Amino acid sequence: VTVDGDRKATKTNEARSFPLTPRLQKLVRARRPEDFDPDASVFPSRRGKIINPRNFAKRAWKETLKKLKIDYRR
């Protein structure tokens, strides 16, 4: 998914995956509704869309780090 929310193929046209720890698998599965859409975002915005990374960094991520007393890093 691009920054603009468009879905497109990877440069090499190969699917990418990454491993999840059992604890993280449990967390993600607990959030999954019974009638889930396999193409939908795992963590959508409040409106059900793809999260805008610029807006997320400004409005949520920096505030979360501040509350946890963790310095923001690019």
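K.L.:
Where do I start with the overall build of the protein chain in this structure?
P.N.:
Tallying secondary structure elements over the protein chain gives two helices and zero strands in all. Over its C-alpha trace the protein chain gives a radius of gyration of 15 Å, far above what one expects of a compact globule, namely 11 Å for 74 residues. The principal-axis extent of the C-alpha atoms belonging to the protein chain is close to 35 × 30 × 25 Å. For the protein chain, the residues scored as buried account for 1% of the 74 residues in total. If you sum the accessible surface of the protein chain, you get close to 7,800 Å²; carbon and sulfur atoms cover 51% of it.

K.L.:
Please clarify how helix α2 (residues 53-67) should be interpreted in this entry.
P.N.:
Since the α-helix advances by 3.6 residues per turn, residues separated by three or four positions end up pointing in the same direction. For α2, built from 15 residues, the straight-helix expectation of 21 Å at 1.5 Å per residue is met to within 8% by its first-to-last C-alpha distance of 20 Å. Roughly 35° is the biggest bend found in α2, and it falls at W61. The distance from a side-chain oxygen at the start of α2 to the backbone nitrogen of N55 is 3.2 Å, and the residue carrying that oxygen is N52. Downstream of α2 by one or two residues, K69 has phi in the positive range, about 60°.

K.L.:
Honestly, the pattern of salt bridges in this entry has me stumped. Any pointers?
P.N.:
Note on pairing: side chains with opposite charge can pair once their charged atoms come close. Tallied over the full model, the rule gives one salt bridge. Two residues, E63 and K66, come together in a salt bridge whose shortest N-O distance is 4.0 Å. With E63 and K66 both in helix α2, this residue pair falls three residues apart, about one helical turn. Residue class for E63 comes out partly exposed when judged on its relative accessible area of 36%. In this structure K66 comes out as exposed when scored by relative accessible area, which is 59%.

K.L.:
Before we go on, may I ask you to explain the packing of aromatic side chains in this structure?
P.N.:
The relative placement of two aromatic rings is captured by the distance of their centres and the angle of their planes. In total, this model carries one aromatic pair according to the counting rule given. Residue placement shows R32 over the ring face of F36; its charged tip is 4.6 Å from the ring centre. The lysine or arginine in question, K62, covers the ring of Y72, its NZ or CZ lying 4.7 Å from the ring centre.

Quick notes on the rules
Residues numbered from 1 in each chain as written. Predicted model: local features only at pLDDT ≥ 70, side-chain atom pairs only at ≥ 80, totals over all residues. Heavy atoms only, no water. Helix = DSSP H or I, 4+ residues; strand = E, 2+ residues; numbered from the N terminus. Rg over C-alpha atoms; globule rule 2.2 N^0.38 Å. Buried < 20%, exposed > 50% of the residue type's maximum accessible area, 1.4 Å probe, protein only. Areas by Shrake-Rupley, 256 points an atom, 1.4 Å probe, with all protein chains shown as cover. Expected span 1.5 Å × (residues − 1). Bend = angle between axes of the 7 residues up to and from the residue. Polar contact = N/O pair within 3.5 Å; in protein donor to acceptor, adjacent residues only side chain to side chain. Salt bridge = Lys/Arg side-chain N within 4 Å of Asp/Glu carboxyl O. Phe/Tyr/Trp six-rings, centres within 6.5 Å; stacked < 30°, edge-to-face > 60°. Lys NZ or Arg CZ within 6 Å of the ring centre and 35° of its normal.

Read these as geometric descriptors, not functional statements.
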